[in-house]
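This is what each chain is made of:
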Amino acid sequence: MEAVLGVLNLGDFAQNFSKMGMFPVFDLAYYIVSILYLKYEPGSVEVSRRSPVASWLCAMLYCFGSYILADIMLGGSPIDYFQYNSHILLASAVWYLLFYCPLNLFYKCVAFLPVKLVLVALKEVVRTRKIAAGVHHASHAYHHGFFIMVIVGYVKGDSTLIMFKFGPTKASLYGAILFTMQEAHWLPVSKSTLILAFTFFMASSKVVMTARHSHGSPFALIESWVCHLLFGSPLGGSEEDH
Amino acid sequence: MEAVLGVLNLGDFAQNFSKMGMFPVFDLAYYIVSILYLKYEPGSVEVSRRSPVASWLCAMLYCFGSYILADIMLGGSPIDYFQYNSHILLASAVWYLLFYCPLNLFYKCVAFLPVKLVLVALKEVVRTRKIAAGVHHASHAYHHGFFIMVIVGYVKGDSTLIMFKFGPTKASLYGAILFTMQEAHWLPVSKSTLILAFTFFMASSKVVMTARHSHGSPFALIESWVCHLLFGSPLGGSEEDH
Amino acid sequence: MEAVLGVLNLGDFAQNFSKMGMFPVFDLAYYIVSILYLKYEPGSVEVSRRSPVASWLCAMLYCFGSYILADIMLGGSPIDYFQYNSHILLASAVWYLLFYCPLNLFYKCVAFLPVKLVLVALKEVVRTRKIAAGVHHASHAYHHGFFIMVIVGYVKGDSTLIMFKFGPTKASLYGAILFTMQEAHWLPVSKSTLILAFTFFMASSKVVMTARHSHGSPFALIESWVCHLLFGSPLGGSEEDH
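Quantities reported herein were computed from a predicted structural model and do not represent experimental measurements.

J.: What am I meant to see in unusual backbone geometry here?
T.: Excluding glycine, residues mostly carry a negative phi; peptide bonds, for their part, are mostly trans. Of note, the amide linkage connecting Phe-23 of chain A to Pro-24 of chain A takes the cis form, showing an omega dihedral of 5°. By secondary structure assignment, the location of Pro-24 of chain A is in the loop between helix H2 (10–19) and helix H3 (25–40). Located in the positive-phi region is Asn-104 of chain B, a residue other than glycine, with phi close to 60°. Inspection of the secondary structure assignment puts Asn-104 of chain B in the loop between helix H6 (85–100) and helix H7 (105–111). What makes Asn-104 of chain B partly exposed here is its relative accessible area of 29%. Phi at His-185 of chain C is positive, roughly 60°, even though this residue is not glycine. On the basis of relative accessibility, which here comes to 70%, the residue His-185 of chain C falls in the exposed class.

J.: Even after reading the chapter, I still don't get the relation of the copies chain C and chain A, so can you show me in this structure?
T.: One copy of the chain maps onto the other through a rotation about an axis plus a displacement along that axis. Placing chain C over chain A gives an RMSD of 0.0 Å and needs a rotation angle of 120°, together with 0.0 Å of translation along the axis. These values place the two chain copies in the arrangement generated by a three-fold rotation axis. Closest to the rotation axis within chain C is the C-alpha of Gly-75 of chain C, separated from it by 3.7 Å. A different interface surface on each copy is seen, since only 5% of the contact residues of chain C are contact residues in chain A too.

J.: What should I look at first to understand the pattern of salt bridges in this one?
T.: Applying the stated criterion across every chain yields a total of 9 salt bridges over all chains. The closest approach of N and O atoms between Lys-191 of chain A and Glu-183 of chain A, which form a salt bridge, is 3.7 Å. Among the residues examined, Lys-191 of chain A registers a relative accessible area of 24% and is labelled partly exposed. The shortest N-O distance in the salt bridge between Glu-124 of chain B and Lys-206 of chain B comes to 3.5 Å. Here the residue Glu-124 of chain B occupies a position in helix H8 (residues 113–141), and Lys-206 of chain B occupies one in helix H11 (residues 191–211), the gap between them amounting to 82 residues. With relative accessibility at 14%, the residue Lys-206 of chain B sits in the buried group. Through salt bridges with shared partners, one network takes in Glu-124, Arg-127 and Lys-206 of chain A.

J.: Any chance you could explain the confidence of the model for chain A here in plain terms?
T.: Do not read the predicted coordinates in detail wherever pLDDT is low. Chain-level pLDDT for chain A is 87 on average; 91% of the residues reach the 70-or-more range. Considering each helix and strand of chain A separately, the mean pLDDT is smallest for helix H1 (residues 2–7) of chain A, with a value of 58, and largest for helix H6 (residues 85–100) of chain A, with 96.

J.: Hey, could you run me through the packing of helix H10 (residues 170–183) of chain C against helix H11 (residues 191–211) of chain C in this one?
T.: The description of two helices packed together rests on the angle between their axes and the distance between the axes. All names here are of chain C. Axis separation between H10 and H11 bottoms out at 11 Å; the angle between their running directions is 165°. By the criterion of interaxial angle, the relationship of H10 to H11 is roughly antiparallel. The handedness of the crossing between H10 and H11 comes out as right-handed. Only Lys-191, Leu-194, Ile-195, Phe-198 and Met-202 of H11 make contact with H10, whose side of the interface consists of Ala-171, Gly-175, Leu-178, Phe-179, Gln-182 and Glu-183. Looking at side-chain class alone, the contact of H10 with H11 contains 7 nonpolar, 2 polar and 2 charged residues.

J.: I'm lost on the interface of chain C and chain A in this one. Help?
T.: Often, the extent of an interface is quoted as the loss of accessible area upon association of its parts. With 19 residues of chain C at the interface, the matching set in chain A holds 18 residues. Ranking the residues of chain C by area buried against chain A places Arg-50, Ile-79 and Asn-85 of chain C at the top, with a combined share of 30%. Put simply, chain C and chain A have 0 salt bridges between them. Inspection of the region where chain C meets chain A yields 4 residue pairs in polar contact (both at pLDDT 80 or more). For the side of chain C that touches chain A, the secondary structure elements donating two or more residues are helix H4 (44–50), helix H5 (52–73) and helix H6 (85–100) of chain C. The dominant element in the side of chain C that touches chain A, judged by the number of residues it contributes, is H6 of chain C, at 6 residues. Residues that form the side of chain C that touches chain A fall into these classes: 10 nonpolar, 6 polar and 3 charged.

Rules behind the numbers
- Residues numbered from 1 in each chain as written.
- Chains lettered and ligands numbered in written order.
- Predicted model: local features only at pLDDT ≥ 70, side-chain atom pairs only at ≥ 80, totals over all residues.
- Heavy atoms only, no water.
- Helix = DSSP H or I, 4+ residues; strand = E, 2+ residues; numbered from the N terminus.
- Buried < 20%, exposed > 50% of the residue type's maximum accessible area, 1.4 Å probe, protein only.
- Least-squares fit on C-alpha atoms with pLDDT ≥ 70 in both.
- Contact = heavy atoms within 4.5 Å.
- Salt bridge = Lys/Arg side-chain N within 4 Å of Asp/Glu carboxyl O.
- pLDDT = per-residue confidence, 0-100.
- Axes fitted to C-alpha atoms, helices over the stretch in contact; angles between N-to-C directions.
- Parallel < 35°, antiparallel > 145°, perpendicular 65-115°, else oblique.
- Left-handed = near helix turned anticlockwise from the far one by under 90°.
- Nonpolar A, V, L, I, M, F, W, Y, C, P; charged D, E, K, R; others polar.
- Buried area = accessible area lost by both parts, 1.4 Å probe.
- Polar contact = N/O pair within 3.5 Å; in protein donor to acceptor, adjacent residues only side chain to side chain.

See below:
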């Protein structure tokens, strides 16, 4: 695979891509999409009127839930990430604009489909990075703790896990498994290549799903067959999980 | 403000006041008032009859919930405070006397209004100290983590947060913000002066509220206006939060 | 007591018994019995068909819940134990065989009463070791934290506590208290003797209870009297706790 990428001159690109800073552009997109999903939740607008503190806390959970959960999993302080004041202030500004902007102007801008598709794609760039960083962080703490790497990478990739939603982000689990295999040298690719490939796959599938208002999973067919073979689940029966 | 206090000869007093030991007198008052509130909860007396272990656990949560939550927030052991055997035994003795004393004698003594007012005032002394200590502790772990300081100070000041009650102690939040501003040198007062002033404010407002059986907040009017301006809440609409 | 054991030549036996490795035979029995109890739960078989990941997570909680809870209590990573890949794989294999084995063959073997009685006895050997290890671990972190030792020993002895079931394992609490007293040198026995005696007591009472399909506690009568004297509970009233 490295050879193919070399021919296509992608090796350097992957290297540069994996070193690109996320703050503030990509993080901003991440916060906007996360809090946008919060606003889609029934009742969230009323909560923002009655109790701004509760609404702000929810927004922070949606934005930083993956950091909180990963810190808990590794035995650290759950509010460790709140030391980065600029990130918190940026997310708070997004929350304020999305919920309290006059005429709902900011919401209308970012919920406009073409804009939203770009933001969703940028969010997946951040998500892939977070999975890779989570697996790497766990591998430092536990050198052969492959289960721990998968778990930390998984929770790092999915902010909504902290709300006990095992939703349309099973992809984070597969990503965490791939990055753990890379970390254990079971995959013959460099980490930067894997980041590029997984980002491309996640962003494109998420953009297509958002454009088609679909909640299906790109893995549904394979999952269904694997579950049938291993666990005797009825074919197509794993649909309810999504 | 320091100058005014100097004229009034309060500087030394504040210094001494902020160094005064809390154990055992003030802590005892804290435990009595905390477990008294537990006994006011409907059903708590039946629980103490049927399952003393559960009742004891609840009493410990009411007394040490703020330490547990603050330790969790800073990534420590949630039962770290249980190493102080004398504090646990003192609180357990208070729990035993309040729930199982013959003729309910101890309860009748401490629930007698004049006694209770003194105990409530003493409890606020401990609460202010705990907020200041929480902010200071967090500022050691995270030098510029102002959000973390506010959160740790807040949970340290409010034992009932661990039961997910966001009740009449929003004052702890304002206290945590004040002490964080002092720690960040944004307030031109010394810490001992702030402790004295905030203790005085908390104790007096709590005594008045207890005497009048009121559950209102001294901040209700200001909060209502701020919420109206910033978040478009209807005026007086934040009443439901209290 | 040491003298009596010396006469019976039990001292050396206790020493050797307390040094015996638990992996893999005893641990295997522990996993089998734990996941067997999971399969007894209503609905667990349907969950295993619809969502194997959720079923696997439950099985891991049943097997390693005590480690997770003890790690949380001491402020460590809750998934710390997942670094032992061989233990996780062994438990996963047991889970797979118990839920997905053709013809339910494995389940029928281990649920066969004579086999189950042996497994239940082996499980109690592991439980006693875990209580002793938990108390010892806590005593290293907190030299005079007797409450912490009891709490950590207790949660280490009872995997189901993590599911908020305070069920038929109050024995773990008494075990934790005994081992804490031994650690504090208040009991004139060596740790290996206590391990042997407590293992014998737990295994025999659990085997008898399993054989008689009883859910009563061997301590019910004493508990009832102590609760009556100390807390004024009606005699026999603590039955509901079990």
